[in-house]
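Fold and geometry: a report
What follows is the residue order along each chain.
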Amino acid sequence: MANLYVRAAPTTDLNRNTEWFTYPGVWSTYILILFFSWLMVLSVFACSPGMAWTVVHLFHFLVTYHFFHWKKGTPFAEDQGIYNRLTWWEQIDSGKQLTRNRKFLTVVPVVLYLIASHTTDYQHPMLFFNTLAVFVLVVAKFPHMHKVRIFGINADQ
Amino acid sequence: MITIPYITALTTYFSYGLLFAFGQLRDFFRKIFDWWSKSSLQGYAPICLGLEDFYVRRLYLRIQDCFNRPISSSPDAWFDLVERISNDNNKTLKRTTKVKRCLNLGSYNYLGFAAADEYCTPRAIETLKNFAPSSCSTRVDGGTTTLHVELEKCVANFLGKEAAIVFGMGYATNSAILPVLMGKGRLIISDSLNHNSIVNGARGSGATIRVFQHNTPSHLEKVLREQIAEGQPRTHRPWKKIMVVVEGIYSMEGELCQLPEIVAICKKYKAYVYLDEAHSIGAVGKTGRGVCELLGVDTADVDIMMGTFTKSFGSCGGYIAGSKELIQYLKYTCPAHLYATSISPPAAEQIISSIKVVNGEDGSSRGAQKLAKIRENSNFFRSELQKMGFEVLGDNDSPVMPIMLYNPAKIPAFSRECLKRNVAVVTVAFPATPLLLARARICISAAHSREDLLKALEVISEVGDMVGIKYFPAEPEKQQLEGDRVKLE
């Protein structure tokens with residue numbers, strides 16, 4: 001198992017902030033982090049599995065919304081600020097829509113929503129919050145929302 | 001092609017995620033503390049925008065002692081490293097007066113000209129006395145001395161091109177020449193791993209930039225065909241000029257460019273070739289003429305050859321070599337020629353003398369010996385490292401060899417443990433390399449003796465075991481069968 005090797009070919013993406021997402025192992029790491037955070041929430045709060053999935057789903061919503069759709073630019077200055085008006089979601093794959101990475105990232109919140117709602121037996125108020133979260137996330141990832149700032153929220157001066 | 005163990009990829013992403021999460025947490029608390037304490041600069045806009053310096057503040061500063069180490073002697077095979085201490089957990093570092101003698105595995109000292117040389121140094125000192133340390137002028141005003149003219153002739157002869165032009169700085173050569181040659185309506189196709197100077201020069205030129213997969217001639221052909229068929233972005237008019245920019249040896253991979261195939265493709269589609277030989281001039285090839293000689297490409301096929309004098313010639317500055325008309329045009333238009341100070345006279349003399357040594361014109365065979373030594377050293381070191389089980393990149397004959405580290409915690413571990421054993425290595429991480437592929441880059445020099453290399457191998461093997469970077473299985477030792485029988489286990 002330890003001898004399982006993967007090959008990594010350099011990509012043509014010059015944006016160092018987003019090109020790490022094209023290397024092998026990212027999808028598995030993402031899914032494993034979600035699974036282990038569910039186990040941690042279960043052990044810390046000692047709640048039911050459904051509540052734990054709801055907590056994971058909502059926390060995932062907050063974190064991914066903040067880092068993918070709110071924060072703009074890159075965490076280093078070497079690119080002289082050419083991406084300063086774009087959020088991380090708008091930067092990946094050089095702005096091309098409907099690539100494999102984007103489809104994967106859109107499916108993950110939906111699958112989390114289905115797991116959370118199923119394990120809580122579709123009860124309120126968890127269902128309401130879960131639905132709101134997945135709605136916001138999926139709409140933010142639509143191709144038509146590329147570079148759109150509704151009501152000027154998060155727009156530049 | 002880099003081969004990573006899958007578990008290492010997962011743990012590397014997890015480590016970076018953890019570092020990122022802790023950095024964000026600290027930033028969050030810092031914002032709260034700053035909100036409490038009023039700053040004196042009310043009403044001013046912030047200097048850094050949002051998370052622009054996040055990487056520097058939260059990741060780079062933690063391991064700052066592995067980078068920017070000051071030295072207090074010339075960067076020969078062994079040099080004096082100044083020790084630094086920190087009282088606030090690496091946020092600031094203070095130099096001490098203590099100095100450590102270390103084996104230098106990081107300097108670009110390919111032919112050993114970085115230290116005092118018996119032929120070059122007296123001549124450089126002579127020139128320092130006759131001329132001055134600086135020419136104090138631009139080339140067009142009063143900065144062209146006989147040395148500059150001789151240097152340009154020397155460089156052109158060395159490369160087998162018609163004429164050459166030299167500049168005071170290698171980075172400025174790329175970033176000032178590309179805007180002159182290319183502009184709006186022209187296309188630059190550059191390798192995805194090209195150096196920052198080329199990227200900045202290309203962005204500053206205003207030309208359209210397309211990137212092709214690193215060292216993949218088939219992808220270059222695909223991009224060329226697509227771009228020629230489509231034409232300029234919105235008008236679809238044909239491109240005014242297309243230039244393909246590649247490097248001789250890629251400094252972070254140690255790989256040689258696939259020059260014959262790329263030149264053949266460019267000839268077929270009538271695009272210009274710009275070859276940046278910063279790391280390969282003087283270091284590869286039978287007589288040190290760079291990657292064209294090594295791979296058997298005629299220099300008349302490469303339209304613009306660029307290089308620097310910092311690496312193999314022990315000086316500073318850059319050059320462009322090409323046809324007479326091209327160099328004449330550059331002398332009229334290039335801002336680095338018209339407005340920047342010309343190359344310093346002792347530095348020019350150092351280059352002329354070192355080229356003479358490499359050619360054998362100083363009357364000895366030291367040049368040929370140095371070239372043979374660096375090739376032998378590089379091949380020996382690389383094969384030994386690979387036998388020990390390290391993942392080493394780069395082709396044979398290339399003096400640059402990166403050892404893959406991957407995990408972010410192994411970067412400072414490797415660097416500090418090697419320093420404790422008096423070996424100085426350079427480690428490179430994000431954002432100079434992709435996130436996953438952090439590495440320690442070793443530059444072999446002709447000044448390294450066999451004992452130096454064996455000591456380096458011993459130290460690297462010991463530290464490698466401690467840090468855990470032997471990702472490939474080591475080759476078993478060959479059994480010795482001299483006299484005593486092999487013991488059966």
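For the structure given in this document, a descriptive report is provided here. Owing to the predicted nature of the structure, the values given are computational and were not obtained by experimental measurement. (Residues numbered from 1 in each chain as written. Chains lettered and ligands numbered in written order. Predicted model: local features only at pLDDT ≥ 70, side-chain atom pairs only at ≥ 80, totals over all residues. Heavy atoms only, no water.)

1. Re empty space enclosed by the protein
Summed over all chains, the structure comprises two cavities of 30 Å³ or more. The space that makes up the largest cavity amounts to roughly 90 Å³. Lining of the largest cavity is provided by 13 residues; of these, Pro10(A), Ile2(B), Leu193(B), Glu253(B) and Leu437(B) occupy positions nearest its centre. Across the lining of the largest cavity, the residue classes tally to nine nonpolar, one polar and three charged. Of the residues assigned to the lining of the second largest cavity, the class counts are three nonpolar, one polar and two charged. (1 Å grid on protein atoms, 1.4 Å probe; cavity = no way out; pocket = protein on both sides within 12 Å on 5 of 7 lines; lining within 4 Å. Points joined across faces, edges and corners; volume = space filled by probe spheres on them. Nonpolar A, V, L, I, M, F, W, Y, C, P; charged D, E, K, R; others polar.)

2. Notes on the nonpolar core
Of all hydrophobic cores here, the largest spans 70 residues; its most connected members are Leu105(A), Ile4(B), Phe381(B), Leu385(B), Phe414(B), Ile442(B) and Ile460(B). With seven residues, the top contributor of residues to this core is helix α15 (residues 450-467) of chain B. Residues contacting Ile442(B), with those up to four places away along its chain left out, are Leu105(B), Phe381(B), Pro399(B), Val400(B), Met401(B), Ile403(B), Val425(B) and Ile460(B). Of all hydrophobic cores here, the second largest spans 62 residues; its members include Leu147(B), Phe212(B), Cys266(B) and Leu275(B). (Core = buried A, V, L, I, M, F, W, Y, C linked by side-chain atoms within 4.5 Å. Buried < 20%, exposed > 50% of the residue type's maximum accessible area, 1.4 Å probe, protein only. Helix = DSSP H or I, 4+ residues; strand = E, 2+ residues; numbered from the N terminus. Contact = heavy atoms within 4.5 Å.)

3. Here's the deal with the packing of aromatic side chains
On inspection of all chains with the given rule, the structure shows 25 aromatic pairs over all chains. Judged by centre distance (5.2 Å) and plane angle (75°), the rings of Phe20(B) and Phe54(B) are edge-to-face. In this pair, Phe20(B) sits in helix α1 (residues 6-36) while Phe54(B) sits in helix α2 (residues 54-60), placing the two residues 34 residues apart along the sequence. Classification of Phe54(B) as buried rests on a relative accessible area of 2%. In this structure an aromatic cluster arises from ring pairing among Trp20(A), Phe21(A), Phe68(A), Trp88(A) and Tyr13(B). Its end group placed over the ring of Trp89(A), Arg102(A) keeps NZ or CZ at 5.1 Å from the ring centre. A cation sits over an aromatic face here: Lys370(B) above Phe113(B), 4.7 Å from the ring centre. (Phe/Tyr/Trp six-rings, centres within 6.5 Å; stacked < 30°, edge-to-face > 60°. Lys NZ or Arg CZ within 6 Å of the ring centre and 35° of its normal.)

4. A closer look at the sheet that holds strand β3 (residues 94-104) of chain B
Residue and element names in this part refer to chain B. Pairing in this open sheet of three strands is mixed, and the strands run β2-β3-β12 from one edge to the other. Each end of this open sheet is capped by a strand with a single partner; those strands are β2 (78-85) and β12 (423-424). In terms of strand pairing, β3 meets β12 through two bridges, oriented parallel. Residue pairing across strands places Leu103 opposite Val423, the latter belonging to β12. (Pairing = 2+ DSSP bridges.)

5. Focus: a nonpolar patch on the surface
There is a patch of nonpolar side chains on the surface, built from Ile33(A), Phe14(B), Leu18(B), Phe22(B), Leu25(B), Phe28(B), Phe29(B), Ile32(B), Phe33(B), Trp35(B) and Trp36(B) and spanning about 1300 Å² of accessible area. It is α1(B) that contributes the most residues to the nonpolar patch, ten residues altogether. By the secondary structure assignment, Trp36(B) is in helix α1. What makes Trp36(B) exposed here is its relative accessible area of 66%. (Patch = residues over 30% accessible without salt bridge, like charges linked within 9 Å, V, L, I, M, F, W, Y side chains within 5 Å. Areas by Shrake-Rupley, 256 points an atom, 1.4 Å probe, with all protein chains shown as cover. Salt bridge = Lys/Arg side-chain N within 4 Å of Asp/Glu carboxyl O.)

6. Things to note about the sheet that holds strand β14 (residues 439-443) of chain B
All names here are of chain B. Ordered by their spatial adjacency, three strands build an open sheet running β11-β14-β13, and the pairing between neighbours is antiparallel. If you trace the sheet from one side to the other, it starts and ends with β11 (400-404) and β13 (426-428), each paired once. Neighbour-to-neighbour, the strand axes of the sheet open up by a mean angle of 30°, direction not taken into account. Inspection of the sheet shows β11 paired to β14 by five bridges, in the antiparallel sense. Within β14, the position partnered with Val400 by the bridge is Cys443. (Axes fitted to C-alpha atoms, helices over the stretch in contact; angles between N-to-C directions.)

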